[in-house]
Amino acid sequence: MKMVLVTPEIPYNTGAIGRTCVALELELILIHPLGFSLDEKSVKRAGTDYWKHVQLSEYDTWESFLKTRLPPRDSLFFFEVNGAQSVFEPDYPEDAYLVFGCESKGLPPEILEGLDDRVFNVPMRSSLVRSLNLANTATAVVYQALRTQLGG
């Protein structure tokens with residue numbers, strides 16, 4: 001299973017997600033452009049001394065990621081506030097790519113075009129909250145995706 005961040009903007013979120021990836025032995029894939037430098041102290045601070053252990057891959061664009069990795073359509077899971085299905089619905093395969101967009105805009109529409117059945121949301125009860133923090137969402141999603149593999 002892999003975590004994919006498309007054009008992340010906030011280094012603390014990326015650092016925290018990297019730390020989660022180390023804890024779960026998952027690859028972290030970053031799609032450029034990034035809103036920060038990976039050399040920034042804040043990325044490493046959020047990832048603490050675990051950042052050096054992150055299995056990190058980077059791609060210049062979403063298209064280069066697709067051309068290089070050739071992920072099967074059924075292995076792609078996109079997460080958006082307006083996803084039509086709940087994160088709790090699918091059975092996640094071991095080769096799943098969990099894809100998250102940037103903090104301010106989410107995933108670009110051109111990435112999601114024709115993939116409505118692959119877009120999921122993390123349910124929220126209150127209408128007072130527009131969205132959840134990216135690192136919190138990614139952590140909630142990956143633990144749900146790995147639930148059966150982790151003994152849940």
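To start, this report covers the structure provided alongside it. These figures come from a predicted structure and were not determined experimentally.

With respect to the overall build of the protein
Of the regular secondary structure elements, the protein holds five helices and seven strands. When the helices and strands of the protein are read in sequence order from the N terminus, they spell out β-α-β-α-β-α-β-β-β-α-β-α. For a compact globule of 152 residues, the expected C-alpha radius of gyration is about 15 Å, and the protein comes in at 15 Å, within 12% of that figure. Across its three principal directions, the C-alpha atoms of the protein cover 35 × 35 × 35 Å.

Quick word on a nonpolar patch on the surface
A cluster of nonpolar side chains, contributed by V81, M124, L128, V129 and L132, occupies part of the molecular surface with about 460 Å² of accessible area. With respect to the helices and strands, the residue L128 is situated in the loop between β7 (119–121) and α5 (134–145). For L128, a relative accessible area of 78% puts it in the exposed group.

Concerning the environment of I17
Relative to the helices and strands, I17 is located in helix α1 (residues 11–24). Residue I17 is classed as buried on the basis of its relative accessible area, which comes to 1%. C-alpha separation for the pair I17 and G106, spaced 89 residues apart in sequence, amounts to 16 Å. When neighbours within four sequence positions are excluded, I17 is seen to be in contact with M3, L5, L28, L134, A135 and A138.

A few points about the side chain of N13
Residue position: N13 is located in helix α1. By relative accessible area, N13 is classed as buried at 6%. For N13, the residues in contact, after removing those within four places along its chain, are E103, N133, L134 and A135.

A closer look at the packing of aromatic side chains
Under the definition given, this model contains eight aromatic pairs. With a centroid separation of 5.6 Å and 70° between ring planes, the pair formed by Y59 and F65 is classed as edge-to-face. Just as Y59 is buried, F65 falls in that class too. Between the aromatic rings of F77 and F120, the centroid separation amounts to 5.7 Å while the plane-to-plane angle is 35°, which identifies the pairing as tilted. With F77 in strand β4 (residues 76–79) and F120 in strand β7, this residue pair connects regions lying 43 residues apart in the sequence. Each member of the pair, F77 together with F120, is buried. An aromatic cluster is defined as three or more aromatic residues linked by ring pairs; in this entry it consists of Y59, W62, F65, F78 and Y97. Directly above the aromatic system of F77 lies the positively charged group of R118, at a separation of 4.6 Å from the ring centroid.

What counts and how
- Residues numbered from 1 in each chain as written.
- Predicted model: local features only at pLDDT ≥ 70, side-chain atom pairs only at ≥ 80, totals over all residues.
- Heavy atoms only, no water.
- Helix = DSSP H or I, 4+ residues; strand = E, 2+ residues; numbered from the N terminus.
- Rg over C-alpha atoms; globule rule 2.2 N^0.38 Å.
- Patch = residues over 30% accessible without salt bridge, like charges linked within 9 Å, V, L, I, M, F, W, Y side chains within 5 Å.
- Areas by Shrake-Rupley, 256 points an atom, 1.4 Å probe, with all protein chains shown as cover.
- Salt bridge = Lys/Arg side-chain N within 4 Å of Asp/Glu carboxyl O.
- Buried < 20%, exposed > 50% of the residue type's maximum accessible area, 1.4 Å probe, protein only.
- Contact = heavy atoms within 4.5 Å.
- Phe/Tyr/Trp six-rings, centres within 6.5 Å; stacked < 30°, edge-to-face > 60°.
- Lys NZ or Arg CZ within 6 Å of the ring centre and 35° of its normal.

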